[in-house]
Amino acid sequence: MKLEVRNLKKSFGEKEVLHGISFSVESGMALGLLGRNGAGKTTTIRILMDVFKANAGEILVDGKPFVAKDYRIGYLPEERGLYPKKKVKDQMVYLARLKGVSKGQALANVDKWLERLEVMEYKEKKLETLSKGNQQKVQLATTLVADSDIVILDEPFSGLDPVNSQILKDVVSDLIAEGKLVIFSSHQMSYVEEFCDNISIINHGDVVLDGRLKEIKKEFGRNRLVIAAENYTLDELATKLTDEFSDVVSVDKKKKEFLVLQMNDNVSKEGVLTRIVGSDIRLERFGIYEPSLNDIFVAKAGEESE
């Protein structure tokens, strides 16, 4: 199954908040839908869910118009929405039934997902009696209880400790392996890098970057090197490179443990290495720079991610 979003536009009153959003995602793959707060991610998701209607554009599945009610969509919202005073089992069964699951299958699915997420002991408990982390796991179990075709996860790791985060990582990996279509939104870029083959970054209602993460990283790292020295601090090394090697490189940025260099035009990494080896710099680290998704996000969205 391939879902395509094409040129979505959305206005509230006279304010246009989506200016033509386009991206695609296929079954068995995860799309990282990223952006700063207010960028337009939630509006886009709500259009997918048929909560809002777009003013223009279209959504297709395998080339045909997408009708949300014809698919089971599991949605984990950033703002959690379960009923605190209701028993876990009762509201999970109720929400599964709303999506067309039979009562018997709903009960079986409740047990499956509560067991999988290690919260079976809370099946008959009211949600408000659970810790924040266990409430989050119940919310995720509820998202998956209808065996959805499309799974949309918005900040799924919020409130989870490292052990519970690993449980959730395993579940998300399994969903992808099972051929589910997964849309993953988070400000925790390390998780996005772990799961997502493709990313789409939205900024102020526009898609500013879209494509395969591997290729995007390769392009962002083009003509950039990393360097650290045993006999110079990073500040000292930056000064030396600026004073003595400005014909081959410039200092692009300083990281915690190394400098990122931008190679000048018509210079090879082998040429840079030869020059440096011929100096008094004792190399501790030298190689091609591979940017993190956080670096890419900052460059395209203009603000440090959370």
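An account of the accompanying structure is given in this report. (Residues numbered from 1 in each chain as written. Predicted model: local features only at pLDDT ≥ 70, side-chain atom pairs only at ≥ 80, totals over all residues. Heavy atoms only, no water.)

1. Quick word on the overall build of the protein
Within the protein, the regular secondary structure consists of 10 helices and 14 strands. Referenced to the eigenvectors of the C-alpha coordinate spread, the extents of the protein come out at roughly 75 × 45 × 35 Å. For the protein, the proportion of its 306 residues judged to be buried stands at 46%. Accessible surface for the protein amounts to roughly 15400 Å². Of this, 45% is attributable to carbon and sulfur atoms. Of the charged side chains in the protein, 45 are positive and 49 negative; the average position of the first set lies 6 Å away from that of the second. (Helix = DSSP H or I, 4+ residues; strand = E, 2+ residues; numbered from the N terminus. Buried < 20%, exposed > 50% of the residue type's maximum accessible area, 1.4 Å probe, protein only. Areas by Shrake-Rupley, 256 points an atom, 1.4 Å probe, with all protein chains shown as cover. Lys, Arg positive; Asp, Glu negative; His and termini not counted. Charge placed at Lys NZ, Arg CZ, Asp CG, Glu CD.)

2. What about the nonpolar core?
Leu 34, Phe 184, Phe 195, Ile 199, Ile 201 and Leu 293 are the most contacted members of the largest nonpolar core, which totals 49 residues. Counting residues per element, this core draws most heavily on helix 5 (residues 162-177), at 6 residues. The contact partners of Ile 201, leaving out residues within four places of it in the chain, are Leu 34, Asp 206, Val 207, Val 208, Leu 209, Ile 296, Phe 297, Lys 300 and Ala 301. Membership of the second largest hydrophobic core comes to 24 residues, among which are Val 5, Leu 18, Leu 31 and Leu 48. (Core = buried A, V, L, I, M, F, W, Y, C linked by side-chain atoms within 4.5 Å. Contact = heavy atoms within 4.5 Å.)

3. A word on the sheet that holds strand 3 (residues 30-34)
An order of 6-7-8-3-9-10 is seen for the 6 strands of this open sheet, with the pairing classed as mixed. Edge positions in the open sheet fall to strand 6 (73-76) and strand 10 (206-212), since each of these has one partner strand only. With direction set aside, neighbouring strand axes in the sheet form an average angle of 15°. In this structure, strand 3 lies alongside strand 9 (residues 198-203), joined through 4 bridges in parallel fashion. By the bridge assignment, Leu 31 is partnered in strand 9 with Asn 198. Contacts from helix 4 (residues 132-144) reach strand 6 and strand 7 (150-154) within the one sheet, and its direction differs from that of strand 6 by about 165°. Where helix 7 (residues 213-220) meets the sheet, it contacts strand 9 and strand 10, and its direction lies at approximately 105° from that of strand 10. (Pairing = 2+ DSSP bridges. Axes fitted to C-alpha atoms, helices over the stretch in contact; angles between N-to-C directions.)

4. Regarding empty space enclosed by the protein
Taken as a whole, this structure holds 1 cavity of 30 Å³ or more when the rule is applied. Taken as a whole, the largest cavity holds about 50 Å³ of empty space. Surrounding the largest cavity, Lys 112, Trp 113, Leu 144, Asp 147, Ser 148, Val 151, Leu 175, Glu 178 and Lys 180 form its lining. Taken together, the residues of the lining of the largest cavity sort by class into 4 nonpolar, 1 polar and 4 charged. (1 Å grid on protein atoms, 1.4 Å probe; cavity = no way out; pocket = protein on both sides within 12 Å on 5 of 7 lines; lining within 4 Å. Points joined across faces, edges and corners; volume = space filled by probe spheres on them. Nonpolar A, V, L, I, M, F, W, Y, C, P; charged D, E, K, R; others polar.)

5. Some points on the pairing of strand 11 (residues 224-229)
Burial analysis of strand 11 places 6 of its 6 residues in the buried class, the great majority of the element. Neither face of strand 11 is left uncovered, since the one carrying Arg 224, Val 226 and Ala 228 and the one carrying Leu 225, Ile 227 and Ala 229 both have all their residues buried. As defined by bridge partners, strand 11 adjoins strand 13 (residues 259-263) across 4 bridges and the pair is classed as antiparallel. Residue Val 226 lies in a different strand from strand 13, and its bridge partner there is Val 260. Here strand 11 pairs with strand 14 (residues 283-288) via 5 bridges, running antiparallel.

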